[in-house]
Amino acid sequence: VLGIFISGDRGVMAANASKYSNNTEVKNLTQQIEDLEKRQKEITKLIRNAESEKKSLLDQKEYYDILIYTVECKIDAANELINELTIQQSSLKDSIAKREADILDLDAKIRERIRVSYESGDISSLEMILGAESITDFFICIDNMVSILEYDTRLLKDMQAEKLALSDEMSKLAESKAKQQEVLATFKDDQAELDRLIEENTKLLRKAEDNRAKYERTQEYYKKQEEKKSKELEDLLKELEAKEGATKVAEGEFIWPVPTKNRRISSAFGYRILFGKKEHHNGIDIPCPYGTEIYASNSGTVVKAEYNSSYGYYVLINHGGGIATLYGHCRKLNVSEGDTVTKGQVIAHVGSTGHSTGNHVHFEVRKSGVRINPLTYVKQP
């Protein structure tokens, strides 16, 4: 059921966008927002059904993770659209200024023609022609008058064309500003909705873990989901390594996956005790503020960029030589499967999706598909 909602969202945009602009980027962003609004309604309906059918809190949390991701994509698209419209408006203002200058120039030329005509006594075309002293002068007079009439006619036509163009540019500017105000209003509504959804999502997981018995069942559920996905990724990475042969690992040291001011490790690699039970943590957890940038620890190819109930939104990068890194619990993914990334590139943003009770990045290093201590490859700042 969730499959239709969990792929990366760098969308497509609007049927009615053309009334605002012919700009392709504006059209694409408008369509993207409309698609995300539709998706938002579909997921909201799924959540309501899940609540009425009394589905597990964990199922509901997965829906909330996806809904939050969708709303955030929509907010990001709205931000981009607002910026694009601002650029467009600046261009339109420049175009309007040029049109106004052209109209002033044409107006000056027409006024000069009137002045010259007045100072010369405004001799009529007929007087000029009848005053010709020879047949040669007669035809010269005819040619001169035709040229004057053509020049005056062209000036007037140019003036009319410029005024029409100016009116069109000003209309586009007004529509662009109206669209921007509309997007800003939606943007504010979505920000408020996002805050509410994040709060609801946190409450759901806390409710699922409100006592020891429930917490242990929740932990067991997520552990099974993680191990299932981990085995799938292990097999995939081993297959890739076999195909690559002796391909070298990406050059240079692996870097810390978030800004170095976020250096604390809240949960290290290795065994830990939870409610008297011993369990193995297969990566390191680095707490960070919500939305913190996550970097590719080294260059490589994105093998996976998707949602999992345990990892939440995560990215898996193959660096060659049997080495891969995984970044879990992301709020938003900036890359898609098959993308080539460079060391230090922003690939995602910190969140709390999947099995997570706080904002952090779960960072794994895998060698031949098997999870090893990440500090073997990265140095803690």
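Structure's up top.
Just so it is clear, the model here is predicted, and its values are computed rather than measured.

Asks: Please explain the environment of R331 as it appears in this structure.
Replies: Inspection of the secondary structure assignment puts R331 in strand β7 (residues 323-333). Beyond its immediate sequence surroundings of up to four residues, R331 is in contact with Y69, E72, D76, Y290, G291, H349, V350, G351 and T353. Among the polar contacts listed, one links the side chain of R331 to the side chain of E72, at a separation of 3.1 Å.

Asks: Would you mind going over the pairing of strand β9 (residues 346-350) with me for this structure?
Replies: Residues in a regular strand point their side chains to alternate faces of the sheet. Of all the five residues making up β9, four are buried; the element is thus mostly covered by neighbouring parts of the structure. Note: strand β4 (residues 293-295) against β9, three bridges, orientation antiparallel. Each residue of the ladder has a partner; that of I294, found in β9, is A348.

Asks: Help me understand the pairing of strand β10 (residues 360-367), please; the structure alone is not making it clear to me.
Replies: Burial runs high along β10: seven of the eight residues are buried. Taken together, the four bridges between strand β3 (residues 284-287) and β10 define a ladder with antiparallel strand orientation. Bridge pairing in β10 places I284 opposite F363. Examined bridge by bridge, β7 and β10 share six bridges and lie antiparallel to one another. Across the sheet, the residue bridging to L326 is E364, located in β10. Where β10 and strand β11 (residues 370-372) come together, three bridges link them in antiparallel fashion.

Asks: Is there a simple way to think about the nonpolar core in this case?
Replies: Among soluble globular proteins, nonpolar side chains are generally buried collectively. Among the nonpolar cores identified, the biggest contains 53 residues, and V258, I294, V315, I317, Y327, L333 and I347 are the most heavily contacted of them. Among the elements that take part in this core, helix α2 (residues 57-119) stands out by supplying 14 residues, more than any other. Among residues more than four places away in sequence, those in contact with I294 are P257, V258, Y327, C330, Q345, V346, I347, A348, H349, V350 and V361. Counting eight residues, the second largest nonpolar core, distinct from the first, contains Y311, Y314, A324 and L326.

Asks: Looking at this structure, how should I read the pattern of salt bridges?
Replies: Oppositely charged side chains are able to pair whenever their charged atoms sit close together. Counting across every chain of the model gives 14 salt bridges. For E232, the salt bridge goes to K229, with nearest N and O atoms at 3.0 Å. One end of the pair, E232, and the other, K229, are both in helix α5 (residues 212-244), three residues apart, so they sit about a helical turn from each other. On the accessibility criterion, K229 (10% relative accessible area) is buried.

Asks: Mind showing me how you'd approach the packing of aromatic side chains here?
Replies: Given two aromatic rings, their pairing is described by the distance between the two centres and the angle made by the two planes. Summed over all chains, the structure comprises five aromatic pairs. Arranged with centres 5.4 Å apart and planes meeting at 75°, the rings of F254 and Y377 form a pair that is edge-to-face. Of the two residues, F254 is situated in the loop between α5 and β1 (270-274) and Y377 in the segment after β11; the sequence distance between them amounts to 123 residues. Ring geometry for Y307 and Y313: centres 4.9 Å apart, planes at 65°, overall edge-to-face. With relative accessibility at 7%, the residue Y307 sits in the buried group. Grouping aromatic residues by their ring pairs yields a cluster made of Y69, Y307 and Y313.

Asks: Please explain the side chain of T292 as it appears in this structure.
Replies: Its place among the elements puts T292 in the loop between β3 and β4. A polar contact of 2.6 Å, which involves the side chain of T292, links it to the backbone oxygen of P289. In contact with T292, not counting residues within four places along its chain, are P259, N262, A348, H349 and V350.

Rules behind the numbers
- In this numbering scheme, every chain counts its residues from 1 along its sequence in written order.
- With the structure being a predicted model, the display of local features is reserved for residues of pLDDT at least 70 and the display and counting of side-chain atom pairs for 80 or more, all residues being used for whole-chain, interface and lining totals.
- The basis for every side-chain value is the complete set of non-hydrogen atoms in the structure, without hydrogens or water.
- A run of H or I in DSSP becomes a helix once it reaches four residues, and a run of E becomes a strand once it reaches two; helices and strands are each numbered from the N terminus.
- In this analysis, two residues are considered to be in contact whenever any of their non-hydrogen atoms come within 4.5 Å of each other.
- Nitrogen and oxygen atoms within 3.5 Å of one another constitute a polar contact, given that in protein one can donate a hydrogen and the other can accept it, and given that sequence-neighbouring residues count only through two side-chain atoms.
- Each residue is assigned to one of three classes by its accessible area relative to the maximum for its type, calculated with a 1.4 Å probe on protein chains only: buried under 20%, partly exposed between the two thresholds, exposed over 50%.
- We call two strands paired when DSSP finds no fewer than two bridges between them.
- Remark: nonpolar core denotes a set of buried residues (Ala, Val, Leu, Ile, Met, Phe, Trp, Tyr, Cys) joined through side-chain atoms within 4.5 Å.
- Each reported salt bridge corresponds to a side-chain nitrogen of Lys or Arg within 4 Å of a carboxyl oxygen of Asp or Glu.
- Under the pairing criterion, centres of Phe, Tyr and Trp rings, with the six-membered ring standing for Trp, must be within 6.5 Å; the plane angle then separates stacked pairs below 30 degrees from edge-to-face pairs above 60, leaving the rest tilted.

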